[in-house]
Amino acid sequence: MAEQGVLATLELAYQIEQFYNREARLMNQRQHRQWLESMVHPDVHYWLPITEVRFTRDKRPAPTPDDGGIFNDSYSDLDDRIKRLETGMVWMEDPPSKIRHLISNVEVFITDQEQQLSVYSNFHIYRNRRQREETNLVGGREDILVREGDEFKILKRKINLDMRVVLDKNLYIFF
Amino acid sequence: MVNVDSLIDLDKAVQSKQVFWDQDIYDQEMENIFGRSWLFLTHESQIPEPGDFFTTFMGEDPIIVARQKDGSVKAFINSCTHRGNQVCHADSGNTRSFVCSYHGWAFGIDGSLAGVPLETEVYYNQLDKDSMGLREVALVDDYRGFIFGCFDEKAPALVEWLGEMAWYMDSWANSGGGAELIGTPMKTILKCNWKVPTENFVGDGYHITWTHVAALQIIGGPLGSAFGAGDMPPLEDMGAQITTRHGHGFGVIWDVGHAIHRNPQNYVEFQQQTLPEVIEKQGEWAGKMYTGHWNASLFPNCSFLYGTNTFKVWHPKGPHEIEVWTWTLVQKNMSPELKREIQKEAIMSFGTAGTLESDDGENMETCTRTNRGFQTRKGTMNASMGLGVEGRHPELPGVVGSNFIGETSYRGFYRFWDEMMRAADWDDVIKNDNTWVDQWLGEGAVSKLPALDAAFKAA
């Protein structure tokens, strides 16, 4: 995602930061359904590409959604993931694990698409499970947010996870 | 050398818990199993052009697999012959040489030492470059595009190593234009012993009904209604479990290859178009295999789900950790759109963030970690389900369990693990090639799996 448009005003940037803080809180409270229905656009594309370690001289193009992804999700895919959690029969989440999203480096740009914002942010996701299992996932997000009245919705999210080998047993979480 | 004589009780089908934990057993596995077995390297579709390379592991040894100028494939240990530095740090690419980052030694894609900086000035032309190429993996071959390597030149040929398993795999590896792996592999760690996922994929139809119940309820379809909603068909009509020489094995559920796909219409249509080709080449039983859903492992550390079409290698990283590498398996004649559809469903279910993958990882880690306890690992694990009701089948090769849910393939896997761990060399293994079924079953044991006519009637 190229930098597009002009930097948002202080007030708009503040609104977006609060949007992300709310999103993080819903995740941490396991309110996935509320997150999906109140913060995600029905046409969302939610994508975590699989990236290789390549030499600088390697001219092959970066992956596109056609190359697949650890997430390559539509709204209904995200809905399926959440429905699974809602069955009450996901044994690895019972007892539930703890998760904490720290969101930073938020840059908000007004785009030439009316009502659309282009936003960069970074995440540090801490997971703690069972007695003493812990993992840390660090990376960045490239979002397109859409304004709908007083609210915003996530229309696109590209997640860049800063590790080749995922140093965690799975990524059954939301970024 | 560790005493491996009493780790596996073949008659009772129990295994010492030490096999998931002890460092000395692991070290012996590196020598006897990873040092002697054919190990999956990559698929030819991942390195199509001369100069294409892919880096992987055989056991814990770092390996470069490279397509040669003449189209053949070679594999080398990814370690400089000067001071041992790794010479290639990329996952894949195309190159004319691998240049070591330490002193700049350059190796050709054929592994030969092509360039040494200051060779004349500092080695006075006394360096025998011809003998200092990258160490080549003794045997490299492919079976229908699946490239394997083996460190032991006395091993049987790859086609013999796969043996009767190759006949079963041909139903999809030799139809529809053949099979290929697509995409960049996902890589994840699991803190488990490498045998835990291998044994799970080789023979665990049992856990599907419980471990994956949440995901299957959401996916729906035939497995969703059978396992997710408890509407189980009669077991003897459901499928089969089969193990072949060298510890390979699989379980198959008839007619539901597409079961984990949420919108399988295009996939089912392709399978129905291809099915006559399979039957013409290999007969009706192969057709039954082609439209089934498989959980399978190739000894020692390669597994796949045919139908769901996820393909995995479990790279050992010490006795208590693995790297999971995951590709998507498709048939070449599928349209690009269908391949993408299958890839999406394969990753949604058994990718790093998969709805079923995450169920398994937890179990695999805990099955390993509990054995940290000294008293715990004095105990044994049990794989006796269906013991005594497996046998020969008049129409199917290998040892055939009597229904899909059983542990026949677990037993096949651990019987061969035990054989390899105790063998002095390959001759010690080859001598059992014609007698392994008799040694296991005695004479006369016959599988209760129905014959072909009955199986089709059930479907």
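In this text, all values refer to a predicted model and were calculated from it rather than measured experimentally.

Asker: For this particular structure, what's the right way to read the overall build of chain A?
Answerer: Each helix and strand counted, chain A has three helices and seven strands in total. For chain A, the succession of helices and strands along the chain, N to C, is β-α-α-β-β-α-β-β-β-β. Taken over the C-alpha trace, chain A has a radius of gyration of 17 Å; the compact-globule value for 175 residues is 16 Å, and the two agree within 12%. Taking the principal axes of the C-alpha coordinates as reference, chain A spans close to 45 × 45 × 30 Å. The buried share among the 175 residues of chain A stands at 26%.

Asker: I'm lost on the interface of chain B and chain A in this one. Help?
Answerer: One widely used convention gives an interface's size as the accessible area the parts lose upon coming together. Contact residues are listed per partner, giving 33 residues for chain B and 29 residues for chain A. Counting only elements with at least two residues in the side of chain B that touches chain A, the list comes to β7 (92-94), β13 (179-190), α7 (213-219), α11 (336-350) and α12 (357-369) of chain B. In the side of chain B that touches chain A, the residues fall into 11 nonpolar, 13 polar and nine charged.

Asker: Any chance you could explain the sheet that holds strand β3 (residues 39-43) of chain B here in plain terms?
Answerer: Across a sheet, strands are paired by hydrogen bonds formed along the backbone, either parallel or antiparallel in direction. Residues and elements named next belong to chain B. Reading across the sheet, the three strands line up as β3-β12-β11 and stay open at both edges, with antiparallel pairing between neighbours. Both edges of this open sheet fall to β3 and β11 (139-143), since each of them pairs with a single strand only. In this sheet, adjacent strand axes meet at a mean angle of 30° when their direction is disregarded. Both β3 and strand β12 (residues 146-150) contribute to a ladder of four bridges, which runs antiparallel. Paired with Leu39 across the two strands is Gly149, which belongs to β12.

Asker: In this structure, what is going on with the packing of helix α2 (residues 32-39) of chain A against helix α3 (residues 75-86) of chain A? I would like to understand it.
Answerer: The description of two helices packed together rests on the angle between their axes and the distance between the axes. All names here are of chain A. Between α2 and α3, the shortest axis-to-axis distance is 9 Å and the interhelical angle comes to 155°. As far as their axial angle goes, α3 and α2 are roughly antiparallel. Classified by chirality, the crossing of α3 by α2 is left-handed. Facing α2, whose interface residues are His32, Arg33 and Leu36, α3 presents Leu78, Asp79, Ile82 and Leu85. Here the contact of α2 with α3 is composed, by residue class, of four nonpolar, one polar and two charged.

Asker: What is the right way to look at helix α9 (residues 265-282) of chain B in this model?
Answerer: All names here are of chain B. Taking 1.5 Å of rise per residue, the 18 residues of α9 would be expected to cover 26 Å, and the 25 Å separating its terminal C-alpha atoms lies within 8% of that figure. Approximately 35° is the largest bend angle found in α9, and it occurs at Thr274, with the proline Pro276 only one to four residues beyond. Residues Tyr267, Phe270, Gln271, Thr274 and Val278 constitute the buried set of α9. Looking at the buried side of α9, the elements it contacts are α4 (164-173), α10 (284-290) and α11. One or two steps after α9, the chain reaches Gly283, where phi turns positive at roughly 100°.

Asker: Which parts of the structure should I look at to understand the nonpolar core?
Answerer: Burial of nonpolar side chains together is a common tendency in soluble globular proteins. Residue and element names in this part refer to chain B. Counting residues in hydrophobic clusters, the biggest one holds 153 residues, and the most contacted among them are Ile63, Ile64 and Val65. Counting contributing residues per domain, this core is built from domain 1 (39-141) and domain 2 (164-458), each supplying no fewer than three. Those residues in contact with Ile64, other than ones at most four positions away along the chain, are Phe53, Thr55, Ala75, Phe76, Asn78, Cys88 and Phe98.

Asker: Before we go on, may I ask you to explain the sheet that holds strand β2 (residues 14-16) of chain B in this structure?
Answerer: In spatial order, the strands read β1-β2-β20 (chain B); together these three strands make up an open sheet with antiparallel pairing. On the outer flanks of this sheet lie β1 (8-9) and β20 (380-382) of chain B, each paired with one strand and no other.

Asker: Which parts of the structure should I look at to understand the packing of α9(B) against α11(B)?
Answerer: Residues and elements named next belong to chain B. Running from amino to carboxyl end, α9 crosses α11 at an angle of 120°, the nearest separation of the two axes being 10 Å. By the angle class used here, α9 and α11 are oblique. Along this stretch, α9 crosses α11, giving a crossing that reads as left-handed. Residues Asn266, Tyr267 and Phe270 of α9 form the contact with α11, whose own contacting residues are Leu338, Glu341 and Ile342.

Asker: I'm lost on the environment of B:Glu199 in this one. Help?
Answerer: Residue and element names in this part refer to chain B. Structurally, Glu199 can be placed in helix α5 (residues 195-203). Spatially, the C-alpha atoms of Glu199 and Gly307 are 19 Å apart, while their sequence positions differ by 108 residues. Beyond its immediate chain neighbours, meaning those up to four positions away, Glu199 contacts Tyr410 and Phe413.

Parameters and conventions
- Residues numbered from 1 in each chain as written.
- Chains lettered and ligands numbered in written order.
- Predicted model: local features only at pLDDT ≥ 70, side-chain atom pairs only at ≥ 80, totals over all residues.
- Helix = DSSP H or I, 4+ residues; strand = E, 2+ residues; numbered from the N terminus.
- Rg over C-alpha atoms; globule rule 2.2 N^0.38 Å.
- Buried ≥ 20, exposed ≤ 12 C-beta atoms within 10 Å, placed from the backbone.
- Contact = placed C-beta atoms within 7 Å.
- Nonpolar A, V, L, I, M, F, W, Y, C, P; charged D, E, K, R; others polar.
- Pairing = 2+ DSSP bridges.
- Axes fitted to C-alpha atoms, helices over the stretch in contact; angles between N-to-C directions.
- Parallel < 35°, antiparallel > 145°, perpendicular 65-115°, else oblique.
- Left-handed = near helix turned anticlockwise from the far one by under 90°.
- Expected span 1.5 Å × (residues − 1).
- Bend = angle between axes of the 7 residues up to and from the residue.
- Core = buried A, V, L, I, M, F, W, Y, C linked by C-beta atoms within 7 Å.
- Domains from an automatic or database assignment.

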